[in-house]
Amino acid sequence: MVFNPIQIVPELYQLLLILALFFQSLGDGSETPPAERWLPFFAGFGIFVAIVSWGAEGLLFGGAYKLDALSQFMKLAISAGFYVTVLNASRQPSLEERKRPDYFMFLALSAWGLMILSSAVELITIYLALEISSYSLYAVIPLRNTGGKGDPRAAEAGIKYILFGAVATAMALYGFSYILASQHTSYISQLAQCNWTWDGAPMAVVGLSLFLGGMFYKLALFPFHFWCPDVYQGASNETAGFVATLPKLGAVVVLVRLATLLKPGLEITTLLAVLGALSMTYGNLCALAQKDLKRLLGFSSVAHAGYIMVGLVSGTAMGLSAAVFYALAYLVMNLLCFWVISRVASDGRNLQLDDLNGLYKRAPALAFALGVGAFALVGLPPTIGFMGKFFLITSAWDHGYNWLVITLVVNSAIAIYYYLGLVRHAYTHEAGADVPTPDNSAFSVAGASILAAVVLVLGLLPSRVFDFAILAGKQLLP
Amino acid sequence: MENMAKIVFGFYTLIILGGSLVAVGAKSLVRAMVGLIATLLGVAGMYMLLNAQFMALMQILIYVGAVCVLIFFAIMLTRADAGGEEAASAPLRQNLLALTAVLSVGGILGWLVLTRPLATTGVPVEVSIEKLGLGLLGPYGLAFELISVVLLVSMAGAVLLAWERRNGK
Amino acid sequence: MNAIPAELLRIIIGLVAIAVSVGLIGLVMVWVERKVAGHIQRRPGPYEVGPNGLIQPLCDALKLVGKQLFMPKGADPILFWLAPVLAFLPVLLLFLPLPVGDGLQTLDVNLGLLLILAFSGLAVLSVLLAGWASNNKYGLLGAARGVAQAVAYEIPLLLSVLAVSFVAGSLDLAHVVKLQGTWPWNWNIMTQPLAFLIYIVSALGETNRAPFDLPEAESELTAGFHTEYSGMGFGLFFLAEYANMVVVCSVATALFLGGWHGPVLPGPVWFVLKVSALMLLMVFVRWTYPRVRFDQLLVINWKWLLPLAVANLLLTAFFVKLAQFA
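The text that follows walks through the structure, step by step, so that each part is easy to find. (Residues numbered from 1 in each chain as written. Chains lettered and ligands numbered in written order. Predicted model: local features only at pLDDT ≥ 70, side-chain atom pairs only at ≥ 80, totals over all residues.)

1. Topic: the overall build of chain A
The helix and strand inventory of chain A stands at 20 helices and 4 strands. At 21 Å, chain A has a C-alpha radius of gyration in line with the 23 Å of a compact globule built from 478 residues. Overall, the C-alpha framework of chain A stretches about 65 × 50 × 40 Å when taken along its three principal axes. In chain A, which comprises 478 residues, the proportion classed as buried is 61%. (Helix = DSSP H or I, 4+ residues; strand = E, 2+ residues; numbered from the N terminus. Rg over C-alpha atoms; globule rule 2.2 N^0.38 Å. Buried ≥ 20, exposed ≤ 12 C-beta atoms within 10 Å, placed from the backbone.)

Given below as C-alpha cells:
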C-alpha cells in the first residue's frame, strides 16, 4: 500500500491550523491578526479541503486507520461543523482577549481528534482520539468571563465534565482490557469475526458494554448523561454550541463502527435498545420542566442520543446509514439553535425561556430561524429532523425492536410540547423588561438563514446526502 | 516453583487490596496517597509475576516515581490536614450506596471470572523491549503518536487554565 | 528437600555484602567528607579519636544508635517512621544490578539500568513523606523544594543515560561496560562527553548534594525535610544519602568510564577506584561551590540541562541510525 498524503489531507490541513494557532498563542498577539479574524476564513476553506479527499479509500498506519465513505462523510461534516462553531465563537463576549488563540486552538484540536476518530478502526487509537477531543474540551469549558473574572458556573461545569469523563474513561479502559483478554485483538475488523453472545464469550460482552459506556458518555446517553445539561448551562453559549454538536458526531461514528459487531438479538444489542428507550424518555420528560434554554437543549441531546440508538440496533446497513444521517441532522439542527442562542444573548448571559419573549419583533430573522430549528428538533416536515427520524423508523421497523420504534414515536409526541414552547415564547409572548438586545447584524442574520436553509433543503431533498450515508453503511455491512 | 508463584501472587494481591482500602478509607489525604502507592507497587509486582519486567519497572518509574509525587505535591499545596472538609465521614446512606455499587459490579465480574474462566495461554513469555518498540512504532504507530498529542493538549490546557500573566504584561 | 536455587543464594549473599558495604561506605565517607571540608577550610578536621580521627565516625554512629527516638507533637506516627525506612530500603535494591567486575554482579538482569532509575524515584517519596509527616514548617518547605527539584532533575538524568544506552543498544549495565575498552579513549565519555556532564550535574541535583542541597539547606531550613528526626531516623536518611551517591557514581562509572576496564589492576579494583574518584569529586564540589538560589536551580535545569540533553539525545539517535546505514 502506497501512502498518499492526499488521502488524509483534511487531517493535515487541520493540523496546520492547530500549529498556526499554537504559534500565535505563544506570542503576545500584538503582531498577528487576531485569531477570530483569520480563522473563520481558513476553517471555511477546510470544508473544500475535506472535499478533495472525498473518495479516498484505504487502510493506513498498520491497519489502524481506515478511509472509507463513512470516515470521509464524517470528516466533511466535522469540517463544516468546525467552520460554523468557529464563526459562532468569533464574536464571543465572554472570552478574554488574550485567551482567544488558545481557545480556538483547543477547538481545532478537538475537531482534529474527532477527524482521527472517524477513521480509527482500532480500539486503542479510537480511545486516544476520543481523549484528544475530550481533553481539549476540558480546557475550553471553564473559559467564561463574566464581569471581568472567571465565571464560577463555568468552572463547576468544567470540573463536572472532567470528573465524569475520568470515570467514563476508566470504565472504557477497564472494559477494553476484558475485550483484549478474551478476544486477543483490538482491531474492529478482527473483532467482527468473534463471537459476541453471552453464552460464548461473557467476558467480552461485559468488556464491550463497559467500553461502549465510554462512548455513551460522549454521546450523553442515559445513564451517562449527568454532565450534559450542567455543562451546557455552565459553559458559555458558544462553547456549549461546540460541545453539544461535534463530539456527538465522533461518538456516533465509533458506535456505528462498533455496531458492525452487533447482530439483533444479542444481549448487548438489547441493552443498547433499552438504554436508548430510557434515554429518550428520560431526556424528554426532564426537558419538559426546564426554564433555561441551554439546559433544555442539554436534555434534548440526551433524548436525541436515544433516537440514534434506534438505527444502531437494527443490525442492517440501512440502520447504520440512518444513524449516520441522523447524526448529521442533529449536528445541523443544534448548530442552528446554538447560533440563534448565541446571537440573541449578545451579552453572553444564559438565556431563560422568558428571554425569548417577543423575539419576532426584536429580531424577526432569528425568531424564524429558531422556529425552523425547533420544528426540526421535533421532527416535523419539511425539515431534516423529519427525514432523519423517518429513515430511522423505516430502517428499524421489523428488525426485532418494534417496541423501540414505538417508544421513539411516543417520545416525539412528548417533545413537541417543549420544542414548540420555544416558538410560543418567541412569537406569542410580549417582551418583558429585562430582555437582551439581539444581534441583528448582517453577519448574524446571514448565518441563521444559511443554517435554516440547510435544515430545510436537506429536509426537502435529502436523497443526495442520504445516498452517501447508505454508501457508508453498505461498506460497513455488505 | 508453582507453589512459590501462588504464594507470591497472594502476597501481591494482599498488597493491592490493602493499599486500595487505605487509599479509599484513609482520613488523611497523604495516607490515602501512600495506600495508592502501595497498590501501584503491588500491580508492578503482578507484572513481574507475568514476566513483564519492563512494564513493572515502568510502572514504578512513572506511576510511583512521577505521577504520585506530583499528586503529592498538589496535596501539599492545599490544606490537606485531617480536620479538613474531606476528612468528615460520609453519611450512612452514601456509604451504603457506594457499597452496593461496588458489590454489584464486583459481584458480576467476580462471578464471571470464577465461573467462566478464560483459557490461559500457558506460562507468560517475556517480551523483549525490541519487540515492544517495534510494536509501538509499527502496528500501533498512530496510537503512539496520538499519545504525544494528548500530552500536548493536557499541558497546554493546564497552562491556559492555571497561568496568570503578571499584571499587564 | 530441594536445594536452594543458585540464583537465590547469589542474591542473598549479594544483599548481605551490599548491606555491609553500605554501612562501611557510610563510615568512610563521613570521615572523608569531614577531612576534606576541614582542609578546604584550612583546619585539620577530626583528629582526636583514633589516628587522624579515623575512629570518629564510628563513635558518631554509636552515638546515633544510642540516642532516643523522638516524634514531634501532631506528627503522623505511621508516615513519620515509614519515611526513613522508605529512604533506606530501596537503596539496597539499587546495588543489585551494579557490575563491580566481569560477572561480579548480584542480579544479572537485562533491564538493570531501568531498575536503578525506577527505584531511585522512591527516594523523593521518602523526602516528601518525611517533610510532610513531621508537622514542621521547615520540613514541609524542604519537602516542597525536594519535589520540585527531584522531578526536574530526573528528566535530564534519564535523557543523558538514554543517550548512552542508544549507543550500546542495551539497558544492561554489564553489557554497556563490555562494549567499552581498556583505555580511557575507549570509554563512552569520549563519545558522549556532554551526556556525562549533564549526568553529573543532574546527579548532584538528584542526590540533594551541594550546590543543589536546597531540600536540607541548613542555613535556611535548619535541616530541611529531616529537621525533626533524631537518632537512627536521621541516621537512615544519612546513610541513604551516601548510598545514593555511591549508586550514582557507580552508574556513571559503568556507563561513561569503562566500568571494570583498566590496565594492569584487576577489574573490581578499577571499579572501586573510579567510583571513589567520582565520590571525591562530589565532595570537592560540595565544599567549593556556594549553594544556588532556588530559581537559579530550576533555571539551570529547565533552560540549560533539559534542552541540551534533548539535543544530545536527538544527535545520538541520528548518528546511531547513520551508523546502521553505513
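2. Brief notes about the overall build of chain C
The helix and strand inventory of chain C stands at 13 helices and 0 strands. Computed over its C-alpha atoms, the radius of gyration of chain C comes to 20 Å, within 12% of the 20 Å expected for a compact globule of 326 residues. Taking the principal axes of the C-alpha coordinates as reference, chain C spans close to 65 × 55 × 50 Å. Going through the 326 residues of chain C one by one, you find that 46% of them count as buried. Put simply, of all contacts in chain C between residues at least 6 apart along the chain, 77% involve residues at least 24 apart. (Contact = placed C-beta atoms within 7 Å.)

3. Here's the deal with the environment of Val465 of chain A
Residues and elements named next belong to chain A. If you trace the backbone, Val465 turns up in helix 20 (residues 463-476). Note on Val465: 19 C-beta atoms within 10 Å, which makes it partly exposed. The spacing of Val465 and Ala204 is 261 residues in sequence and 36 Å in space, taken between C-alpha atoms. For Val465, the residues in contact, after removing those within four places along its chain, are Phe325 and Leu458.

4. Some details on the packing of helix 13 (residues 293-313) of chain A against helix 14 (residues 317-344) of chain A
All names here are of chain A. Where helix 13 meets helix 14, the axes come as close as 8 Å, and the angle between the chain directions of the two elements is 170 degrees. Between helix 13 and helix 14, the angle is such that the two are roughly antiparallel. Of the residues in helix 14, those touching helix 13 at Leu293, Lys294, Leu297, His304, Tyr307, Ile308, Gly311 and Leu312 are Gly319, Leu320, Ala322, Ala323, Tyr326, Ala327, Tyr330, Asn334, Cys337 and Ile341. Classifying every residue of the contact of helix 13 with helix 14 gives 13 nonpolar, 4 polar and 1 charged. (Axes fitted to C-alpha atoms, helices over the stretch in contact; angles between N-to-C directions. Parallel < 35°, antiparallel > 145°, perpendicular 65-115°, else oblique. Nonpolar A, V, L, I, M, F, W, Y, C, P; charged D, E, K, R; others polar.)

5. Some words on the nonpolar core
Among the nonpolar cores identified, the biggest contains 194 residues, and Val252, Val324, Val332 and Leu336 of chain A are the most heavily contacted of them. With 23 residues, helix 14 of chain A is the largest single contributor of residues to this core. Those residues in contact with Val332 of chain A, other than ones at most four positions away along the chain, are Ile384, Leu451, Val454, Val455 and Leu458 of chain A. In terms of nonpolar packing, the next biggest core, distinct from the first, is built from 114 residues, Ala83, Val91, Ala152 and Leu305 of chain C among them. (Core = buried A, V, L, I, M, F, W, Y, C linked by C-beta atoms within 7 Å.)

6. Side note on the interface of chain B and chain A
Of the residues lining the interface, 18 residues belong to chain B; the matching set on chain A comes to 26 residues. With 12 residues, helix 6 (residues 141-162) of chain B is the largest single contributor of residues to the side of chain B that touches chain A. Per-class residue counts for the side of chain B that touches chain A are 13 nonpolar, 4 polar and 1 charged.

7. As for the packing of helix 1 (residues 9-26) of chain A against helix 4 (residues 100-119) of chain A
Residues and elements named next belong to chain A. The N-to-C vectors of helix 1 and helix 4 enclose an angle of 160 degrees; their axes lie 9 Å apart at closest approach. Compared by their axis directions, helix 1 and helix 4 come out roughly antiparallel. In this structure, helix 1 meets helix 4 at a crossing whose hand is left-handed. Between helix 1, through Pro10, Glu11, Gln14, Leu15, Leu17, Ile18, Leu21, Phe22, Gln24 and Ser25, and helix 4, the contact on the second element is made entirely by Pro101, Asp102, Phe104, Met105, Ala108, Leu109, Ala111, Trp112, Met115 and Ile116. (Left-handed = near helix turned anticlockwise from the far one by under 90°.)

8. Quick notes on the interface of chain B and chain C
At the interface, 18 residues of chain B touch 19 residues of chain C. At the level of secondary structure, the elements contributing two or more residues to the side of chain B that touches chain C comprise helix 2 (29-49) and helix 3 (53-77) of chain B. The leading source of residues in the side of chain B that touches chain C is helix 3 of chain B, at 13 residues. A breakdown of the residues in the side of chain B that touches chain C according to their chemical character gives 14 nonpolar, 3 polar and 1 charged.

9. Quick look at the arrangement of the chains
For the 2 pairs of chains in contact, the maximum contact count is reached by chains A and B. The two units chain A and chain C are non-contacting; their minimal C-alpha-C-alpha distance is 17 Å.

10. Comments concerning helix 4 of chain A
Note on helix geometry: an α-helix contains 3.6 residues per turn, so any two residues three or four positions apart are oriented the same way. Look at helix 4 of chain A: 29 Å from first C-alpha to last across 20 residues, which is about the 28 Å you get at 1.5 Å a residue. Most of helix 4 of chain A is tucked away: 20 of the 20 residues are buried. (Expected span 1.5 Å × (residues − 1).)

11. Considering helix 3 (residues 77-95) of chain C
Its axis deflected by about 25 degrees at Ala83 of chain C, helix 3 of chain C carries its strongest bend there, up to four residues before the proline Pro84 of chain C. Looking only at helix 3 of chain C, the buried set comprises Leu79, Phe80, Ala83, Pro84, Leu86, Ala87, Phe88, Pro90, Val91, Leu94 and Phe95 of chain C. Residues of helix 3 of chain C that are buried sit in contact with helix 2 of chain B together with helix 1 (6-40), helix 4 (112-120), helix 5 (122-133) and helix 11 (231-256) of chain C. (Bend = angle between axes of the 7 residues up to and from the residue.)

12. Section: unusual backbone geometry
All names here are of chain A. Each neighbour pair has its own omega, and for Phe222 with Pro223 the value is 0 degrees, a cis peptide bond. Relative to the assigned elements, Pro223 resides in the loop between helix 8 (202-219) and helix 9 (227-234). One non-glycine residue, Ala220, lies in positive phi territory at about 60 degrees. You can see Ala220 is positioned in the loop between helix 8 and helix 9. On the basis of neighbour count, Ala220 is assigned to the buried category, with 30 C-beta atoms found within 10 Å.

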